[in-house]
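As a plain string of letters, each chain reads:
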Amino acid sequence: MKDFKLPIGIMGLAIPLGALAAAIHRSVQTSRQIIEQNQQNIFSNYLEHRRYFLAYMEEHQPFEQISVSAPLLYQRLFPNSAEGALNPNEESIAHFLEVAEGTADTAAQRVETQLTERRFKIIDDELAAFLIGSTKALQQFVSIENLDEKEFLKDPLTILPRILRQNLDAAKGLVESANFHKNYVKQYDFDEMEKKTQACLDAIKPIQKLYNLWRMIWGEVSGELQSNPHQPLQNRLSSVKQNMESNRMTTNDLRIIFKYHLNDNERTTILEHGPDMWRAILADTKSGGDN
């Protein structure tokens, strides 16, 4: 009988061990089902969140000036949404807002202290760094062109207003888009950025015609912006003169451009190929007759 004690004992354990094994199996199945259900919920939440975002963008159009791909913006604004994290990329948004505000602040300082009819090229290294930095920060969310630093010298008063408007529009649009469902990103006060942007635009506007005339003259005599390379320079400068007269630009405008905005080589080119009246004004300007 003693020989049967061990087998009988083992047989006695079979029932509880079997129950335990079954319980473990059910637990594993339940855990797997919970994981699968959670994954399904995460995916469903992601699809619903994305659908509402795209619908919001179509209805409210939070960006007024920038062309935005809503699906691409969603991917970049909520980079971890497919994994269940529906909060936006707050760090990148905050970085762009900081650089955009710095751009507006620096631009307003340069415009106030440096911009005159005698000085157009106000984009120094610091302002250039802000312009480039804000563009790169914005490219984390939307597809926009890179800035060519060479253009800062060639066309400063076109680039500066464009980037300032772009930054302000993007700042408002990003915050609104990030908060389409609920306030993930803190509400931002855009008053100062708007005031500084508008101050720059207001200061540039009165000298825009003079600036455009300089761009036309400089573009032709420097060869950087030739209106029609197949025409002789003399004909192209005559066309600029006609454009100038139709816009009621004066000889004083020419004096300012000749004296303050052209280099010696460019002045020499006008003396050789410019209209007779321009040559006379330039000769008078060089002799000090405008003082």
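Report follows, based on the coordinates.

Thresholds, definitions, all that
- Residues numbered from 1 in each chain as written.
- Predicted model: local features only at pLDDT ≥ 70, side-chain atom pairs only at ≥ 80, totals over all residues.
- Heavy atoms only, no water.
- Salt bridge = Lys/Arg side-chain N within 4 Å of Asp/Glu carboxyl O.
- Helix = DSSP H or I, 4+ residues; strand = E, 2+ residues; numbered from the N terminus.
- Axes fitted to C-alpha atoms, helices over the stretch in contact; angles between N-to-C directions.
- Parallel < 35°, antiparallel > 145°, perpendicular 65-115°, else oblique.
- Contact = heavy atoms within 4.5 Å.
- Nonpolar A, V, L, I, M, F, W, Y, C, P; charged D, E, K, R; others polar.
- Core = buried A, V, L, I, M, F, W, Y, C linked by side-chain atoms within 4.5 Å.
- Buried < 20%, exposed > 50% of the residue type's maximum accessible area, 1.4 Å probe, protein only.
- Left-handed = near helix turned anticlockwise from the far one by under 90°.
- Phe/Tyr/Trp six-rings, centres within 6.5 Å; stacked < 30°, edge-to-face > 60°.
- Lys NZ or Arg CZ within 6 Å of the ring centre and 35° of its normal.

1. Thoughts on the pattern of salt bridges
Okay, so step 1: Counted according to the given criterion, the structure contains 11 salt bridges.
Okay, so step 2: Between Asp-155 and Arg-215 there is a salt bridge, with the nearest N and O atoms lying 3.3 Å from each other. Of this pair, Asp-155 sits in the loop between helix 5 (151-154) and helix 6 (156-178) while Arg-215 sits in helix 8 (residues 208-222), placing them 60 residues apart in sequence.
Okay, so step 3: When the shortest N-O distance is used, the salt bridge between Asp-264 and Arg-267 registers 2.8 Å.

2. As for the packing of helix 8 against helix 11 (residues 264-273)
Okay, so step 1: Running from N to C, helix 8 and helix 11 point in directions that differ by 85°, and their axes come no closer than 9 Å. The angle between the axes of helix 8 and helix 11 places the two elements in the roughly perpendicular class. When helix 8 is examined against helix 11, the residues Ile-217, Trp-218, Val-221 and Ser-222 are found in contact with a partner set consisting of Glu-266, Thr-269 and Ile-270.
Okay, so step 2: When grouped by side-chain class, the residues that make up the contact of helix 8 with helix 11 number four nonpolar, two polar and one charged.

3. Quick word on the nonpolar core
Okay, so step 1: Counting 72 residues, the largest nonpolar core has Leu-73, Leu-77, Phe-96, Leu-160, Ile-217, Phe-258 and Trp-278 as its most contacted members.
Okay, so step 2: Per-element accounting of this core gives the leading share, 11 residues, to helix 6.
Okay, so step 3: The residues contacting Ile-217, other than those within four sequence positions of it, are Val-240, Leu-254, Ile-257, Phe-258, Leu-262, Ile-270 and Trp-278.

4. Observations regarding unusual backbone geometry
Okay, so step 1: Its identity as a non-glycine residue notwithstanding, Gln-61 has a phi of 45°, on the positive side.
Okay, so step 2: Along the polypeptide, Gln-61 turns up in the loop between helix 1 (2-60) and helix 2 (70-77).
Okay, so step 3: One non-glycine residue, Arg-248, lies in positive phi territory at about 60°.
Okay, so step 4: Relative to the helices and strands, Arg-248 is located in the loop between helix 9 (233-246) and helix 10 (251-260).

5. Regarding the packing of helix 3 (residues 90-114) against helix 7 (residues 191-204)
Okay, so step 1: Following both chains from N to C, one finds helix 3 and helix 7 inclined at 35°, their axes separated by 9 Å at the closest point. The two elements helix 3 and helix 7 meet at a crossing, and its hand is left-handed. When helix 3 is examined against helix 7, the residues Leu-97, Ala-100, Glu-101, Ala-104, Asp-105, Ala-107, Ala-108 and Val-111 are found in contact with a partner set consisting of Met-193, Lys-196, Thr-197, Cys-200 and Ala-203.

6. A closer look at the side chain of Ser-81
Okay, so step 1: With respect to the helices, strands and loops of the structure, Ser-81 is situated in the loop between helix 2 and helix 3.
Okay, so step 2: A residue is classified by how much of its surface remains accessible, and Ser-81, at 3% relative accessible area, is buried.
Okay, so step 3: Beyond its immediate chain neighbours, meaning those up to four positions away, Ser-81 contacts Tyr-46, Tyr-74 and Leu-86.

7. Focus on the environment of Gln-65
Okay, so step 1: Structurally, Gln-65 can be placed in the loop between helix 1 and helix 2.
Okay, so step 2: Sequence separation between Gln-65 and Leu-168 is 103 residues; the distance between their C-alpha atoms is 9.6 Å.
Okay, so step 3: Ignoring sequence-local partners within four residues, the contact set of Gln-65 consists of Arg-165 and Asp-169.

8. Some words on the environment of Asn-80
Okay, so step 1: Tracing the backbone shows Asn-80 in the loop between helix 2 and helix 3.
Okay, so step 2: Relative accessible area serves as the criterion here: at 43%, Asn-80 is assigned to the partly exposed category.
Okay, so step 3: C-alpha separation for the pair Asn-80 and Tyr-46, spaced 34 residues apart in sequence, amounts to 9.5 Å.

9. Notes on the packing of aromatic side chains
Okay, so step 1: Applying the stated criterion across every chain, the model contains 14 aromatic pairs.
Okay, so step 2: With 5.2 Å between their ring centres and 55° between their planes, Phe-53 and Tyr-74 make a pair best called tilted. You can see Phe-53 sitting in helix 1 and its partner Tyr-74 sitting in helix 2, a full 21 residues away along the chain. One exposure class covers both Phe-53 and Tyr-74, and it is buried.
Okay, so step 3: Aromatic pair Trp-214 and Trp-218: ring centres 5.5 Å apart, planes at 25°, arrangement stacked. Here the residue Trp-214 and the residue Trp-218 both occupy positions in helix 8, the gap between them amounting to four residues, near one helical turn.
Okay, so step 4: Its relative accessible area of 1% is what places Trp-214 among the buried residues.
Okay, so step 5: Of the aromatic side chains, those joined through ring pairs into one cluster are Phe-43, Tyr-46, Phe-53, Tyr-56, Tyr-74, Phe-78 and Phe-180.
Okay, so step 6: When the ring centre of Tyr-52 is taken as origin, the NZ or CZ atom of Arg-51, which lies over that ring, is 4.8 Å away.

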